[in-house]
Amino acid sequence: QVSVMESGGGLVQAGGSLRLGCEVSGGTFGRYTTAWFRQAPGKEREFVAVTNRYRQSTYADFVKGRFTISRDNAKNTVHLEMNSLEPEDTATYYCNAVTTTNKGWTRYKYDYWGQGIQVTVSS
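A. Summary view of the side chain of His79. The topology assignment puts His79 in strand β8 (residues 77-82). A relative accessible area of 17% means that His79 is categorised as buried. Here the side chain of His79 touches Arg19 through a polar contact of 3.5 Å, side chain to side chain. Those residues in contact with His79, other than ones at most four positions away along the chain, are Arg19, Leu20, Gly21, Trp36, Thr68, Ile69 and Ser70.

In structure tokens form, the structure reads like this:
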């Protein structure tokens, strides 16, 4: 089964930067769309950024201009570069890998999640 593992979280002061990593093991990484989500205490999970194997990316409005998602297909990794961090960015960040397969007229979805990694931004 595909395994997803985040790394690089920690504590940073407001205005600082962090770079999260995510390694996707197993499967065919080049076929996966990879994304980052986050969830703060007492809040629902929210979308942060996504990129596909062609490096086409989409960002949530609240991180545009500050965060950059990238991937290295050769290393089966995806990263999230976070700049100008704010206390509101404090959350558990989750890496997500999704692929779909068409077999005849049936479409199958495979959705894998990491365990999450903590990012804390102090005032």
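B. Region of the structure containing the packing of aromatic side chains. Here the structure, examined in full by the defined rule, presents three aromatic pairs. With 5.1 Å between their ring centres and 55 degrees between their planes, Phe37 and Trp113 make a pair best called tilted. Of the two residues, Phe37 sits in strand β4 (residues 33-39) while Trp113 sits in strand β10 (residues 106-113), which places them 76 residues apart along the sequence. Looking at Trp113, the relative accessible area reads 31%, which means it is partly exposed. Through a chain of ring-to-ring contacts, three or more aromatic side chains come together here, namely Phe37, Phe47 and Trp113.

C. Examining the pairing of strand β7 (residues 67-72) more closely. Covered by surrounding structure in β7 are Phe67, Ile69 and Arg71 only, the residues Thr68, Ser70 and Asp72 on the alternate face being uncovered. Between β7 and the antiparallel strand that follows it, β8, lie four residues; Asn76 among them carries a positive phi value of about 55 degrees.

D. Layout of the sheet that holds strand β1 (residues 3-7). Spatially, β1-β3-β8-β7 is the arrangement adopted by the four strands of the open sheet, whose pairing is antiparallel. Since the sheet does not close on itself, it has two edges, and those belong to β1 and β7, each with one partner. Averaged over neighbouring strand pairs, the angle between their axes works out to 15 degrees when direction is ignored. Pairing geometry for β1 and strand β3 (residues 18-25), over five bridges, is antiparallel.

E. How the structure looks around the nonpolar core. Ranked by internal contacts, the top residues of the largest apolar core, which has 29 residues, are Trp36, Leu80, Met82 and Tyr93. At the level of elements, β3, β5 (46-51), β7, β8, β9 (91-103) and β11 (117-122) are the ones that each hand at least two residues to this core. Not counting chain neighbours up to four residues away, the residues in contact with Leu80 comprise Leu18, Arg19, Leu20, Trp36, Val48, Ala49, Phe67, Thr68, Ile69 and Tyr93.

What counts and how
Residues numbered from 1 in each chain as written. Predicted model: local features only at pLDDT ≥ 70, side-chain atom pairs only at ≥ 80, totals over all residues. Heavy atoms only, no water. Helix = DSSP H or I, 4+ residues; strand = E, 2+ residues; numbered from the N terminus. Buried < 20%, exposed > 50% of the residue type's maximum accessible area, 1.4 Å probe, protein only. Polar contact = N/O pair within 3.5 Å; in protein donor to acceptor, adjacent residues only side chain to side chain. Contact = heavy atoms within 4.5 Å. Phe/Tyr/Trp six-rings, centres within 6.5 Å; stacked < 30°, edge-to-face > 60°. Pairing = 2+ DSSP bridges. Axes fitted to C-alpha atoms, helices over the stretch in contact; angles between N-to-C directions. Core = buried A, V, L, I, M, F, W, Y, C linked by side-chain atoms within 4.5 Å.

From the geometry alone we can't say anything about function, so treat these as descriptive.
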